[in-house]
Amino acid sequence: MDKTISFNLGSVETGTKQKSTKNTEYITEGAYNCEVVSVETSSSRENYSGAPYIMFNVKSGNKLGRARFWAIRESDKPSSQEWKAKQLKEFLVNCGVTDFSDDAESIKQAVGKKVNITFIYEEYVTNNRDTDEPMIRKAIKYRWSSKDGTKIAYKEEYNQPLSKEDMKDYMQKKEEFSSNSVNTEIDEDLPF
(Lines give C-alpha, C1' and ligand atoms only; values in the text may rest on other atoms or scores of the structure.)
Protein backbone atom coordinates (compact mmCIF):
# COMPACT_ATOMS: atom_id res chain seq x y z
CA MET A 1 0.00 0.00 0.00
CA ASP A 2 1.25 3.53 -0.78
CA LYS A 3 2.56 5.72 1.98
CA THR A 4 0.28 8.67 2.71
CA ILE A 5 1.71 12.15 2.59
CA SER A 6 0.72 15.73 3.47
CA PHE A 7 -1.47 14.69 6.42
CA ASN A 8 -0.13 13.72 9.83
CA LEU A 9 -2.92 11.18 10.29
CA GLY A 10 -1.17 9.06 12.92
CA SER A 11 -1.68 11.71 15.57
CA VAL A 12 -5.33 12.49 14.80
CA GLU A 13 -7.43 11.50 17.75
CA THR A 14 -10.77 10.01 16.95
CA GLY A 15 -13.76 11.30 18.85
CA THR A 16 -16.52 9.20 20.25
CA LYS A 17 -17.53 6.82 17.50
CA GLN A 18 -21.15 6.72 16.48
CA LYS A 19 -22.81 3.56 17.66
CA SER A 20 -25.44 2.10 15.38
CA THR A 21 -28.63 0.81 16.84
CA LYS A 22 -31.75 -0.62 15.29
CA ASN A 23 -33.38 2.81 15.65
CA THR A 24 -30.51 4.76 14.09
CA GLU A 25 -31.56 6.93 11.16
CA TYR A 26 -29.02 7.84 8.53
CA ILE A 27 -28.67 10.86 6.32
CA THR A 28 -29.85 10.24 2.76
CA GLU A 29 -29.28 12.31 -0.36
CA GLY A 30 -30.06 15.99 0.14
CA ALA A 31 -28.75 19.18 1.77
CA TYR A 32 -28.32 19.24 5.56
CA ASN A 33 -27.10 21.49 8.33
CA CYS A 34 -24.76 19.20 10.25
CA GLU A 35 -22.60 19.14 13.35
CA VAL A 36 -19.25 17.35 13.13
CA VAL A 37 -19.32 14.90 16.06
CA SER A 38 -16.05 13.03 15.52
CA VAL A 39 -13.28 12.23 13.08
CA GLU A 40 -11.59 8.95 12.32
CA THR A 41 -9.07 7.64 9.84
CA SER A 42 -8.72 4.44 7.87
CA SER A 43 -5.73 3.54 10.03
CA SER A 44 -8.10 3.12 13.00
CA ARG A 45 -9.91 0.24 11.24
CA GLU A 46 -8.70 -3.29 11.92
CA ASN A 47 -7.53 -5.22 8.87
CA TYR A 48 -8.36 -2.35 6.49
CA SER A 49 -6.09 -2.39 3.46
CA GLY A 50 -7.96 -0.08 1.08
CA ALA A 51 -7.18 3.50 0.13
CA PRO A 52 -6.40 5.71 3.15
CA TYR A 53 -9.02 8.27 4.16
CA ILE A 54 -10.19 10.74 6.81
CA MET A 55 -13.87 10.51 7.76
CA PHE A 56 -15.89 13.11 9.62
CA ASN A 57 -18.92 11.67 11.42
CA VAL A 58 -21.76 14.18 11.37
CA LYS A 59 -25.29 14.47 12.65
CA SER A 60 -28.26 16.47 11.51
CA GLY A 61 -31.10 16.32 14.01
CA ASN A 62 -31.35 12.63 14.86
CA LYS A 63 -29.75 11.45 11.59
CA LEU A 64 -26.13 10.34 11.29
CA GLY A 65 -23.87 10.64 8.27
CA ARG A 66 -20.25 10.60 7.13
CA ALA A 67 -18.12 12.90 5.02
CA ARG A 68 -15.12 10.97 3.69
CA PHE A 69 -11.99 12.51 2.19
CA TRP A 70 -9.30 10.41 0.52
CA ALA A 71 -5.78 10.90 1.89
CA ILE A 72 -3.01 11.92 -0.44
CA ARG A 73 -0.67 9.12 -1.48
CA GLU A 74 2.81 9.34 -2.95
CA SER A 75 1.62 7.56 -6.10
CA ASP A 76 -1.18 10.09 -6.77
CA LYS A 77 -0.75 12.36 -9.77
CA PRO A 78 -0.03 15.98 -8.81
CA SER A 79 -3.51 16.98 -10.01
CA SER A 80 -5.09 14.33 -7.73
CA GLN A 81 -2.98 15.45 -4.79
CA GLU A 82 -4.07 19.04 -5.35
CA TRP A 83 -7.77 18.09 -5.70
CA LYS A 84 -7.72 15.98 -2.50
CA ALA A 85 -6.04 18.76 -0.50
CA LYS A 86 -8.45 21.38 -1.88
CA GLN A 87 -11.53 19.25 -1.04
CA LEU A 88 -10.43 18.75 2.55
CA LYS A 89 -9.37 22.37 3.09
CA GLU A 90 -12.66 23.73 1.68
CA PHE A 91 -14.57 21.48 4.08
CA LEU A 92 -12.45 22.59 7.04
CA VAL A 93 -12.82 26.28 6.10
CA ASN A 94 -16.59 25.78 5.89
CA CYS A 95 -16.43 24.24 9.38
CA GLY A 96 -14.82 27.45 10.62
CA VAL A 97 -11.22 26.21 10.88
CA THR A 98 -8.76 29.07 10.32
CA ASP A 99 -5.37 27.75 11.49
CA PHE A 100 -3.79 25.35 8.99
CA SER A 101 -0.25 25.31 10.39
CA ASP A 102 -0.66 21.68 11.57
CA ASP A 103 -2.76 19.22 9.54
CA ALA A 104 -3.78 17.05 12.49
CA GLU A 105 -4.79 20.00 14.66
CA SER A 106 -6.72 21.58 11.78
CA ILE A 107 -8.66 18.36 11.29
CA LYS A 108 -9.43 18.05 15.03
CA GLN A 109 -10.69 21.66 15.15
CA ALA A 110 -13.66 20.70 12.94
CA VAL A 111 -15.17 18.52 15.70
CA GLY A 112 -18.11 20.29 17.34
CA LYS A 113 -18.51 22.74 14.45
CA LYS A 114 -21.60 23.25 12.27
CA VAL A 115 -21.48 23.05 8.48
CA ASN A 116 -23.93 22.67 5.59
CA ILE A 117 -23.36 19.50 3.55
CA THR A 118 -24.84 18.19 0.33
CA PHE A 119 -24.95 14.40 0.14
CA ILE A 120 -25.64 12.45 -3.03
CA TYR A 121 -26.16 8.79 -3.74
CA GLU A 122 -24.22 6.49 -6.00
CA GLU A 123 -25.88 3.22 -6.98
CA TYR A 124 -23.89 0.01 -7.27
CA VAL A 125 -24.56 -3.70 -7.72
CA THR A 126 -23.69 -6.18 -4.98
CA ASN A 127 -24.92 -9.55 -3.75
CA ASN A 128 -27.11 -10.36 -0.75
CA ARG A 129 -24.84 -11.86 1.94
CA ASP A 130 -27.27 -14.64 2.82
CA THR A 131 -28.72 -15.61 -0.55
CA ASP A 132 -26.07 -14.31 -2.99
CA GLU A 133 -28.91 -12.70 -4.96
CA PRO A 134 -27.78 -9.65 -6.99
CA MET A 135 -29.16 -6.37 -5.66
CA ILE A 136 -28.83 -2.64 -6.21
CA ARG A 137 -27.63 -0.57 -3.26
CA LYS A 138 -27.07 3.14 -2.69
CA ALA A 139 -23.93 4.61 -1.17
CA ILE A 140 -24.51 8.05 0.33
CA LYS A 141 -21.54 10.29 -0.36
CA TYR A 142 -20.33 13.76 0.55
CA ARG A 143 -20.55 16.09 -2.46
CA TRP A 144 -19.69 19.54 -1.08
CA SER A 145 -20.24 21.89 1.81
CA SER A 146 -20.88 25.53 2.71
CA LYS A 147 -20.51 27.57 5.87
CA ASP A 148 -23.18 27.33 8.56
CA GLY A 149 -25.81 30.00 7.96
CA THR A 150 -25.28 30.14 4.19
CA LYS A 151 -27.20 28.44 1.40
CA ILE A 152 -26.33 25.07 -0.07
CA ALA A 153 -27.72 23.44 -3.20
CA TYR A 154 -29.03 19.95 -3.82
CA LYS A 155 -30.62 18.72 -7.04
CA GLU A 156 -31.61 15.16 -7.85
CA GLU A 157 -29.47 15.30 -10.98
CA TYR A 158 -26.36 15.31 -8.73
CA ASN A 159 -27.05 11.65 -7.88
CA GLN A 160 -25.35 8.82 -9.76
CA PRO A 161 -27.83 6.04 -10.60
CA LEU A 162 -26.63 2.92 -12.39
CA SER A 163 -25.66 3.53 -15.99
CA LYS A 164 -27.72 1.82 -18.69
CA GLU A 165 -24.87 -0.65 -19.21
CA ASP A 166 -24.62 -1.42 -15.47
CA MET A 167 -28.40 -1.83 -15.25
CA LYS A 168 -28.31 -4.25 -18.19
CA ASP A 169 -25.55 -6.27 -16.45
CA TYR A 170 -27.58 -6.26 -13.22
CA MET A 171 -30.71 -7.52 -15.01
CA GLN A 172 -28.68 -10.30 -16.63
CA LYS A 173 -27.20 -11.35 -13.25
CA LYS A 174 -30.65 -11.23 -11.66
CA GLU A 175 -32.09 -13.41 -14.42
CA GLU A 176 -29.23 -15.92 -14.09
CA PHE A 177 -29.73 -16.03 -10.32
CA SER A 178 -33.49 -16.62 -10.68
CA SER A 179 -32.95 -19.33 -13.28
CA ASN A 180 -30.34 -21.08 -11.08
CA SER A 181 -32.65 -20.84 -8.06
CA VAL A 182 -35.50 -22.51 -9.96
CA ASN A 183 -33.20 -25.30 -11.18
CA THR A 184 -31.91 -25.92 -7.64
CA GLU A 185 -35.47 -26.16 -6.28
CA ILE A 186 -36.48 -28.63 -9.00
CA ASP A 187 -33.42 -30.82 -8.35
CA GLU A 188 -34.14 -30.92 -4.61
CA ASP A 189 -37.75 -32.06 -5.15
CA LEU A 190 -36.88 -35.11 -7.25
CA PRO A 191 -37.55 -38.43 -5.44
CA PHE A 192 -34.37 -40.11 -6.72
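The rules behind the values
- Residues numbered from 1 in each chain as written.
- Predicted model: local features only at pLDDT ≥ 70, side-chain atom pairs only at ≥ 80, totals over all residues.
- Heavy atoms only, no water.
- Phe/Tyr/Trp six-rings, centres within 6.5 Å; stacked < 30°, edge-to-face > 60°.
- Helix = DSSP H or I, 4+ residues; strand = E, 2+ residues; numbered from the N terminus.
- Buried < 20%, exposed > 50% of the residue type's maximum accessible area, 1.4 Å probe, protein only.
- Lys NZ or Arg CZ within 6 Å of the ring centre and 35° of its normal.
- Pairing = 2+ DSSP bridges.
- Core = buried A, V, L, I, M, F, W, Y, C linked by side-chain atoms within 4.5 Å.
- Contact = heavy atoms within 4.5 Å.
- Axes fitted to C-alpha atoms, helices over the stretch in contact; angles between N-to-C directions.

Visitor: Just give me the short version of the packing of aromatic side chains, but keep the residues and values in it.
Guide: Applying the stated criterion across every chain, the model contains 10 aromatic pairs. For the ring pair Trp144 and Tyr158, a centre distance of 5.0 Å and an interplane angle of 70° mean the geometry is edge-to-face. Of this pair, Trp144 sits in strand S8 (residues 134-147) while Tyr158 sits in the loop between S8 and helix H3 (164-189), and the two are 14 residues apart along the sequence. Judged by its relative accessible area of 28%, Trp144 falls in the partly exposed class. Residue Tyr158 is classed as buried on the basis of its relative accessible area of 15%. Aromatic rings pair up to connect Phe56, Phe69, Phe91 and Tyr142 into one cluster. Above the face of the Tyr53 ring, Arg68 is positioned so that its terminal group lies 4.3 Å from the ring centre. Lying across the ring of Phe100, Lys89 places its NZ or CZ 4.7 Å from the centre.

Visitor: How would you sum up the pairing of strand S3 (residues 30-41)? Please name residues and give values.
Guide: Pairing geometry for S3 and strand S7 (residues 114-127), over six bridges, is antiparallel. Considered in S7, the bridge of Ala31 is made with Thr118. Note that S3 and strand S4 (residues 53-60) share six bridges and pair antiparallel. Following the sheet pairing, Val36 is matched in S4 by Val58.

Visitor: Quick one: what's the story with the nonpolar core, residue by residue and with numbers?
Guide: Counting residues in each nonpolar core, the largest one holds 21 residues, and the members touching the most others are Phe56, Phe91, Leu92 and Ile117. Other than its neighbours up to four places away in sequence, Phe91 contacts Val36, Phe56, Ala67, Phe69, Val115, Ile117, Tyr142 and Ser145.

Visitor: Outline the sheet that holds S4, supporting the account with residue identities and numerical values.
Guide: Taken together, the six strands give an open sheet; going across it, the order is S2-S5-S4-S3-S7-S8, and neighbouring strands pair in mixed fashion. Here the strands that pair on one side only, and so sit at the sheet edges, are strand S2 (25-26) and S8. Across the face of the sheet, helix H1 (residues 78-94) comes into contact with S3, S4, strand S5 (63-70), S7 and S8 while running at roughly 60° to S8.

Visitor: Summarise unusual backbone geometry; cite the residues concerned and give the values.
Guide: With glycine set apart, most residues show a phi of negative sign, and most peptide bonds adopt trans. The phi torsion at Asn47 lies on the positive side, around 60°, for a residue other than glycine. When you line up the elements, Asn47 lands in the loop between S3 and S4. Owing to a relative accessible area of 77%, Asn47 belongs among the exposed residues under this scheme. Within the chain, Asp132 stands out as a residue other than glycine whose phi angle is a positive 70°. Within the secondary structure layout, Asp132 lies in the loop between S7 and S8. Judged by relative accessible area, Asp132 falls into the partly exposed class, the value being 47%.

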